[in-house]
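# A closer look at the structure
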Amino acid sequence: MRLALLVNPAASSVSSRSRVVIQKALSDRHDLIVHETSRRGHATRLAHRAMKDGAEIVITLGGDGTVNEAANGLMGSDTALMPLPGGSTNVFARAIGYPNNAVATTRLLLETLEQPTFRRASLGMANGRAFVFHVGVGFDAAVVQRVEERGPLKRYAGHPWFIVSALVTWASAERRRLSFEVATDEGNTLSGAQMAVALNVNPYTYLGNRPIDLAPEVTLDKPLSVVATT
């Protein structure tokens, strides 16, 4: 098969050694082209180019942000997307059943490609961009913004930096000012919300090896669920 591997070298758990092992394993059995991302949004353009060049599967080696960008480049096409976990948490790859190890997931991918099957997934839209598995509003978004403002800490401190950011945000005046309304097409409303998450995979995230569940009933091929709290 024709495969395109998009590597984010800045992702938390991407190493030169694992990258070499993965590239060799994929290229031994398949027609492989490798691209390396260099800036925010780059994976979207690389994935779209790979799709135009005839790639049957685009494989991301990076975190959930790389998966999101690649999905935006492939949206509406028949090119499949396969995540290899290379970030700090790798929510999407783990939520759909892959091990939290890029080399182990590559072995699983190669076994799957012997008799490949594909699933179509629902996507949500927020601020003009697609999201693959969830999007947060309010408190959730404020925590992520705080995490991303210190990119190097995210890479080296990992989950402890997320916890610190959540605690600092919870205690901040910013969090106390949060208040918005969530409305559904059926006419149901929730006023005074401080956090809302739209999602189509469960768990919502992981704290180490512990999954944090918000909507156990959701699956990729169902409409999005929304969880909101005051």
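The structure under discussion appears in the preceding block.
Below or above, wherever it landed, is the structure these notes cover. Given the structure is predicted, the values throughout are model-derived calculations rather than measurements. (Residues numbered from 1 in each chain as written. Predicted model: local features only at pLDDT ≥ 70, side-chain atom pairs only at ≥ 80, totals over all residues. Heavy atoms only, no water.)

## Notes on the overall build of the protein
- A tally of regular secondary structure across the protein gives nine helices and 13 strands.
- In summary, the protein has a C-alpha radius of gyration of 18 Å against a globular reference of 17 Å for 230 residues, a match within 12%.
- For the protein, the spread of C-alpha atoms along the principal axes amounts to about 55 × 40 × 30 Å.
- The 230 residues of the protein split such that 43% are buried.
- The averaged location of the 20 negative side-chain charges in the protein is 8 Å from the averaged location of its 24 positive side-chain charges. (Helix = DSSP H or I, 4+ residues; strand = E, 2+ residues; numbered from the N terminus. Rg over C-alpha atoms; globule rule 2.2 N^0.38 Å. Buried < 20%, exposed > 50% of the residue type's maximum accessible area, 1.4 Å probe, protein only. Lys, Arg positive; Asp, Glu negative; His and termini not counted. Charge placed at Lys NZ, Arg CZ, Asp CG, Glu CD.)

## A short note on the pairing of strand β1 (residues 2-7)
- With five of six residues buried, β1 is to be regarded as a mostly interior element.
- As paired strands, β1 and strand β2 (residues 31-36) are joined by six bridges and run parallel to one another. By the bridge assignment for β2, Val7 is matched with Glu36.
- After leaving β1, the chain enters helix α1 (residues 16-29) and then returns to the sheet as β2, a path that is right-handed.
- In the sheet, β1 pairs with strand β3 (residues 57-62) via five bridges, with the strands oriented parallel. (Pairing = 2+ DSSP bridges. Right-handed = clockwise from strand over helix to strand, strands pointing away.)

## Regarding the environment of Phe162
- Here Phe162 lies in helix α8 (residues 159-170).
- C-alpha of Phe162 to C-alpha of Ser15: the two residues are 147 residues apart in sequence and 22 Å apart in space.

## So, helix α2 (residues 42-52)
- Those residues of α2 lying buried are His42, Ala43, Thr44, Leu46, Ala47, Ala50 and Met51.
- In this structure, the buried residues of α2 make contact with β1, β2, β3, α3 (64-74) and β6 (129-131).
- Two residues or fewer after α2 comes Gly54, characterised by a positive phi angle close to 100°. (Contact = heavy atoms within 4.5 Å.)

## A short note on the packing of α2 against α3
- It is at 7 Å that the axes of α2 and α3 come closest, and there the two elements cross at 40°. The angle between the axes of α2 and α3 places the two elements in the oblique class. For the pair α2 and α3, the sense of crossing is right-handed. Counted together, His42, Ala43, Thr44, Ala47, His48 and Met51 of α2 and Thr66, Glu69, Ala70, Asn72, Gly73 and Leu74 of α3 form the full contact between these two elements.
- Residues that form the contact of α2 with α3 fall into these classes: five nonpolar, six polar and one charged. (Axes fitted to C-alpha atoms, helices over the stretch in contact; angles between N-to-C directions. Parallel < 35°, antiparallel > 145°, perpendicular 65-115°, else oblique. Left-handed = near helix turned anticlockwise from the far one by under 90°. Nonpolar A, V, L, I, M, F, W, Y, C, P; charged D, E, K, R; others polar.)

## Observations concerning the sheet that holds strand β4 (residues 80-85)
- One open sheet accounts for four strands, arranged β2-β1-β3-β4; its pairing is parallel. Two strands lie at the open edges of the sheet, namely β2 and β4, each paired on one side alone. Pairs of neighbouring strands in the sheet enclose a mean axial angle of 20°, with direction left out of account.
- Where β3 lies against β4, six bridges are found, and the strand directions are parallel. Along β4, the bridge assignment pairs Gly62 with Pro85.

## Digging into the packing of aromatic side chains
- Within the structure shown, the criterion is met by two aromatic pairs.
- Both rings, one in Phe92 and one in Phe133, keep their centres 5.9 Å apart while their planes meet at 20°; by these two values the pair is stacked. Placement of Phe92 in helix α4 (residues 91-95) and of Phe133 in the loop between β6 and β7 (134-138) is noted, with a sequence separation of 41 residues between them. Across this residue pair, the class does not change: Phe92 and Phe133 are buried.
- With a centroid separation of 5.6 Å and an interplanar angle of 90°, the aromatic rings of Phe139 and Trp170 are classed as edge-to-face. Linking Phe139 in helix α6 (residues 139-149) with Trp170 in helix α8, this pair joins segments that are 31 residues apart in sequence.
- If you follow Arg175 out to its NZ or CZ, it ends over the ring of Trp170, 3.8 Å from the centre. (Phe/Tyr/Trp six-rings, centres within 6.5 Å; stacked < 30°, edge-to-face > 60°. Lys NZ or Arg CZ within 6 Å of the ring centre and 35° of its normal.)

Geometric descriptors of this kind do not, in isolation, establish any biological role.
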